[in-house]
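Fold and contact review
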Amino acid sequence: MAVRLSPQASPASPARVVITSLLSVCIATLAAIALEPFLADRPTWLLLTIAVLASAWASGVMAAAATAFASALSGVLLVDTPFRDADRLVHAAGFVTISLGIVLLMRRLSHWREAAHVHEIDAGESSRKAQETAEEQALLIDGATTLAIYMLDARGHITIWNKGAERIKGWKEQEILGRSAAAFYPHEDVAKGKPEADLAQARADGRFQEETWRLRKDGSEFLADVTITALHDADGRLRGFGKVVRDITDEKAAERAIEKREAQLNAILATVPDAMVTIDAEGTMLSFSNAAQRMFGYDESEVLGKNVSMLMPSPDREAHDGYITQYLKTGQAHIIGSTRRVMGCRKDGTLVPHELAIGEATGGGERVFTGFMRDLTDQEATAARLKDLQSELIHVSRVSAMGAMASTLAHELNQPITAVVNYVQIANILLESPDPQTVAEVRDALADAAGEALRAGQIVRRLRDFVARGEVQKQVHDLPTLIEEACSLGLVGLSEHGITVRLQLDQAATPVLADRIQIEQVLVNLIRNAAEAMVESPTRIITIASALGSAGMVRVTIADTGPGLDEGVASQLFQAFLSTKTDGMGLGLSICRTIVEAHGGKIWVESSAGHGTRFHFTLMHIISEERDER
Ligand code: ADP
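No experiment lies behind these values; they were computed from the predicted model shown.

Here the focus is the pattern of salt bridges. It is possible for side chains bearing opposite charge to pair when their charged atoms get close. Enumeration according to the criterion identifies 27 salt bridges in this entry. Of the charged contacts in the structure, one is a salt bridge between Arg516 and Glu520, with a shortest N-O distance of 3.5 Å. Separated by 4 residues within a single helix, Arg516 and Glu520 lie in helix α17 (residues 516–533), roughly one turn from each other. Because the salt bridges share partners, they merge into one network encompassing Arg464, Asp465, Glu485, Arg516 and Glu520.

What follows is the structure in structure tokens.
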């Protein structure tokens, strides 16, 4: 709105003051001169007073003052000594007083006018601002298209309706204005008198808010967040109500879906046996599952918001932030997406071995890493115990195998010892008549005795090594030597049963990575089984062969000419406690499989009735470069 200034409100210009003063004084002076013959000098002061008044009216206080001054001069000149008599003095004093009064009055009037003018400007400004604000508010209200904003009169009839209301509820402004807001309530709510009750509540409390079902024009329902505010005028009388309605159907559905998913996730996290920890890109822990609390001994509240490195021992603890930074910078993941065995650090400082799998998720522009940890403490303890038991069993089985061979071994040892005794006795007899010839014969006899004693000693040493309990030591061994050593124990006494042994060793199929004693145990076991199987066979030949196999392995074969495998045992041959022998434990082949598999090889059998049995097993072949590296 434009503001117009009244002419009286602004002070008159100096030129206008001078002109007005001179003009009014001149007119009054001329009028006084003209009227003097008729009225003597009586009206002079009156006319000059009128001049002052006219100037004041026309040009304000300054003009009045200037005119009063000029009129006083003119009066003195015209009236010829005003102090001559009392009458003239009274007229002059009257002029001065009235002029002074006019000037003072004009001054006060001028102040009032100025104040009124300022007030008028302020009022204009306020009204313009109010109009602008109203327009802005209307725009704002219509711009809020996600909110239904409307006003009701004191009776609950609609008076203002915004675009958002039209969009949410479906009614256009012209069809809803003047109607009752009860139109938006479901029928059962209307029947219960809820529309009036809600307004009454808003009137009583000033404001009423609820989440409830409301109707659209097409009759469909939507979940609404409704706020009703009572509006009063300056006197406190109810003017009406302001209503803001938000359609929260989708929002609530999404909220419920999130709550449901969160509840499911929490239930999973509470029950999943693996520990789960989520961290952000700075390594700060965001969640810590129940299993994680059990595994690390921390409460959730003790770790949330802290860096995950507190769950790691050195040097990972110090390096972990660097790992994340490096990954975020280069995108090269070392552990993400894979599983590895790592060490964790419990609250009490003890270490916890666990299998760690890390996943990554990005949501809402933020990166989150999830770590699943499986506690391996029990598993590793069980594995270690199992390994101990296995090696114990393997050892016991070796001792028991040798126990079963005791008589044969005793016989095997008896031979060289008897021979030593014989040679020593012969030497003794020869020395009864010593001559140079005899001395030479004694020397030969003693040399033979020493040879036999060495043979006996070798058997005892091998036997001792074989039954000794020692740590499993996989080393590079020459396969033919290993086979020959095993034969010296395994074949003991077999020649007496008419069993022939043939060696077909490939000189290229060596060396191998093996624990010497354990692989000898496999060989002894297979050789003794072969010998026992051939007790009633007409042909009794054991063939021990070695050959280069596939994938860097060497194959060892022990074949016999026995009756072949019993049909009942063939399918479960390597299981423990399976035996067809009256005194058999059924452990030999199962132990053979354990040993071979612990060496990274495999064991299998081929057999056809009447054509003997062939046991094969493989060992890791060490090629020369690998050997050099070791
Ligand atoms: P045990 O010798 O105490 O019976 P093993 O596990 O060494 O236990 O052997 C299991 C069974 O496998 C034997 O009882 C036997 O029936 C069969 N068997 C093993 N080797 C041979 C073989 N060379 N020829 C035929 N049968 C065999």
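Computed from the structure, the largest pocket encloses a volume of approximately 1300 Å³. Looking at the largest pocket, it is lined by 48 residues, and the ones nearest its centre are Asn525, Arg528, Asn529, Glu532 and Lys581. Those elements that place two or more of their residues in the lining of the largest pocket are α13 (377–404), α14 (406–430), α17, α19 (588–598) and β17 (613–621). Here the residues of the lining of the largest pocket sort into 22 nonpolar, 19 polar and 7 charged. There is about 650 Å³ of room inside the second largest pocket. Together, 28 residues line the second largest pocket, and Met312, His320, Ile335, Leu356 and Ile358 are the ones closest to its centre. Taken together, the elements giving at least two residues each to the lining of the second largest pocket come down to β6 (275–280), α12 (316–330), β8 (339–345), β9 (351–363) and β10 (366–375). The biggest single contributor to the lining of the second largest pocket is α12, with 6 residues. Grouping the amino acids of the lining of the second largest pocket by side-chain chemistry returns 18 nonpolar, 8 polar and 2 charged.

Once that is clear, we can look at the sheet that holds strand β5 (residues 238–247). Think of a sheet as strands paired side by side through backbone hydrogen bonds, with each pair either parallel or antiparallel. Overall, antiparallel pairing links the 5 strands, which are arranged β2-β1-β5-β4-β3 in an open sheet. The open sheet is flanked by β2 (158–161) and β3 (207–215), the only strands paired with a single partner. Adjacent strand axes in the sheet meet at a mean angle of 25°, parallel and antiparallel pairs treated alike. Bridging between strand β1 (residues 147–153) and β2 involves 3 bridges; their strand directions are antiparallel. Across the sheet, residue Tyr150 finds its bridge partner in β2, namely Trp161. Running at roughly 120° to strand β4 (residues 221–232), helix α9 (residues 249–271) makes contact with β3, β4 and β5 of the sheet.

Mapping His354 onto the fold places it in strand β9. Separated by 3.1 Å, the side chain of His354 and the backbone oxygen of Val352 make a polar contact. In this structure, His354 is in contact with Met295, Phe296, Arg340, Arg341, Val342, Met343, Gly344, Met373, Arg374, Asp375 and Leu376, ignoring residues within four places of it in sequence.

As a further point, take the site of the ligand. The environment of the ligand is formed by 19 residues, the closest being Asp560, Ser579, Thr580, Lys581 and Leu589. Note that an oxygen atom of the ligand is positioned 2.6 Å from one of the side-chain N or O atoms of Ser579. Surface burial for the ligand is 93%, taken as the share of its 540 Å² of free accessible area covered by protein chains. Structurally, the ligand is housed in the largest pocket. Listed by contribution, the elements that provide at least two residues to the shell around the ligand are α17, α19 and β17. With 3 residues, α17 is the largest single contributor of residues to the shell around the ligand. Partitioned by chemical class, the residues of the shell around the ligand number 9 nonpolar, 8 polar and 2 charged.

Turning to a nonpolar patch on the surface, a few remarks are in order. There is a patch of nonpolar side chains on the surface, built from Ile19, Leu23 and Ile27 and spanning about 320 Å² of accessible area. Looking at the element boundaries, Leu23 is found in helix α1 (residues 14–39).

In this section: the confidence of the model for the protein chain. On average, residues of the protein chain score 86 in pLDDT, and 95% of them are at 70 or above. The secondary-structure element of the protein chain with the lowest mean pLDDT is helix α20 (residues 624–629), recorded at 52, while strand β15 (residues 553–559) shows the highest, at 97. In the predicted structure, residues 1–9 sits below a pLDDT of 50 and forms 10 contacts with residues beyond four places in sequence or in another chain. Contacts of residues 626–630 to residues separated by more than four positions or lying in other chains number 7 contacts, the stretch itself having pLDDT below 50.

With that settled, consider the environment of Arg237. Note on placement: Arg237 falls in the loop between β4 and β5. Linking Arg237 and Thr350, residues 113 residues apart in sequence, is a C-alpha distance of 75 Å. Setting aside anything within four residues of it in sequence, one finds Arg237 in contact with Leu231 and His232. One polar contact links Arg237 to Asp235, side chain to side chain, over a distance of 3.4 Å.

A surface patch of negative charge is lined by Asp435, Glu441, Asp444 and Asp448. Residue class for Asp444 comes out exposed when judged on its relative accessible area of 52%.

With that settled, the discussion passes to the pairing of β1. Burial of β1 is extensive: 5 of the 7 residues sit out of reach of the surface. Relative to β5, β1 is paired through 7 bridges, and the arrangement is antiparallel. Looking at the pairing, Asp153 lines up with Gly240 of β5. What sits between the antiparallel neighbours β1 and β2 is a turn of 4 residues, in which Gly156 has the positive phi angle 95°.

Definitions and limits used
- Residues numbered from 1 in each chain as written.
- Predicted model: local features only at pLDDT ≥ 70, side-chain atom pairs only at ≥ 80, totals over all residues.
- Heavy atoms only, no water.
- Salt bridge = Lys/Arg side-chain N within 4 Å of Asp/Glu carboxyl O.
- Helix = DSSP H or I, 4+ residues; strand = E, 2+ residues; numbered from the N terminus.
- 1 Å grid on protein atoms, 1.4 Å probe; cavity = no way out; pocket = protein on both sides within 12 Å on 5 of 7 lines; lining within 4 Å.
- Points joined across faces, edges and corners; volume = space filled by probe spheres on them.
- Nonpolar A, V, L, I, M, F, W, Y, C, P; charged D, E, K, R; others polar.
- Pairing = 2+ DSSP bridges.
- Axes fitted to C-alpha atoms, helices over the stretch in contact; angles between N-to-C directions.
- Contact = heavy atoms within 4.5 Å.
- Polar contact = N/O pair within 3.5 Å; in protein donor to acceptor, adjacent residues only side chain to side chain.
- Near = heavy atom within 4 Å.
- Areas by Shrake-Rupley, 256 points an atom, 1.4 Å probe, with all protein chains shown as cover.
- Sits in = over half its atoms within 2 Å of the grid points.
- Patch = residues over 30% accessible without salt bridge, like charges linked within 9 Å, V, L, I, M, F, W, Y side chains within 5 Å.
- pLDDT = per-residue confidence, 0-100.
- Lys, Arg positive; Asp, Glu negative; His and termini not counted.
- Charge placed at Lys NZ, Arg CZ, Asp CG, Glu CD.
- Buried < 20%, exposed > 50% of the residue type's maximum accessible area, 1.4 Å probe, protein only.

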